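Now for the letters of each chain:
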Amino acid sequence: MMKKITDKVGREKAIELVVEAYNTELLSTMLNRMEEGRSKMIGQYKRRDHLDDALNRVLEVCELAG
């Protein structure tokens, strides 16, 4: 996936976009758990692959844009 993103926007921009999307995925998960009142149970949830989610999100946007 990273190769496809890099081909569309260049190496530096790809890294920047994926890092931002990754941070967004982490924050989104953390906020959802806190809103549910289960912040102490964070380690008990099924772990999502935040990097894969971030790559998918960025790739979808790149494909829509171009």
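So, a few notes on the structure that sits alongside this text. (Residues numbered from 1 in each chain as written. Predicted model: local features only at pLDDT ≥ 70, side-chain atom pairs only at ≥ 80, totals over all residues. Heavy atoms only, no water.)

Of the regular secondary structure elements, the protein chain holds 3 helices and 0 strands. Secondary structure of the protein chain in N-to-C order comes out as α-α-α. Across the 66 residues of the protein chain, 20% fall into the buried class. Intrachain contacts of the protein chain at a sequence separation of at least 6 include 64% that bridge at least 24 residues. Here the protein chain has roughly 5100 Å² of accessible surface; of this, 54% comes from carbon and sulfur atoms. (Helix = DSSP H or I, 4+ residues; strand = E, 2+ residues; numbered from the N terminus. Buried < 20%, exposed > 50% of the residue type's maximum accessible area, 1.4 Å probe, protein only. Contact = heavy atoms within 4.5 Å. Areas by Shrake-Rupley, 256 points an atom, 1.4 Å probe, with all protein chains shown as cover.)

Right, let's get into the environment of N56. Note that N56 resides in helix α3 (residues 50-65). Given a relative accessible area of 29%, N56 falls into the partly exposed group. Through-space distance from the C-alpha of N56 to that of M1 is 7.5 Å; in sequence the pair is 55 residues apart.

Next up on the list: a nonpolar patch on the surface. Taken together, the side chains of L27, M30, L31 and M34 define a hydrophobic patch exposed on the protein surface, amounting to about 400 Å² of accessible area. As for its position among the elements, M34 is in helix α2 (residues 11-35). M34 sits in the partly exposed class, given a relative accessible area of 47%. (Patch = residues over 30% accessible without salt bridge, like charges linked within 9 Å, V, L, I, M, F, W, Y side chains within 5 Å. Salt bridge = Lys/Arg side-chain N within 4 Å of Asp/Glu carboxyl O.)

Attention now goes to the nonpolar core. With 9 residues, the main nonpolar core is built from I5, A14, V18, A21, A54, L55, V58, L59 and C62. At the level of secondary structure, the elements contributing two or more residues to this core comprise α2 and α3. Ranked by residues supplied to this core, first place goes to α3 with 5 residues. Setting aside residues up to four positions removed in sequence, I5 forms contacts with G10, A14, V18, L55, V58, L59 and C62. (Core = buried A, V, L, I, M, F, W, Y, C linked by side-chain atoms within 4.5 Å.)

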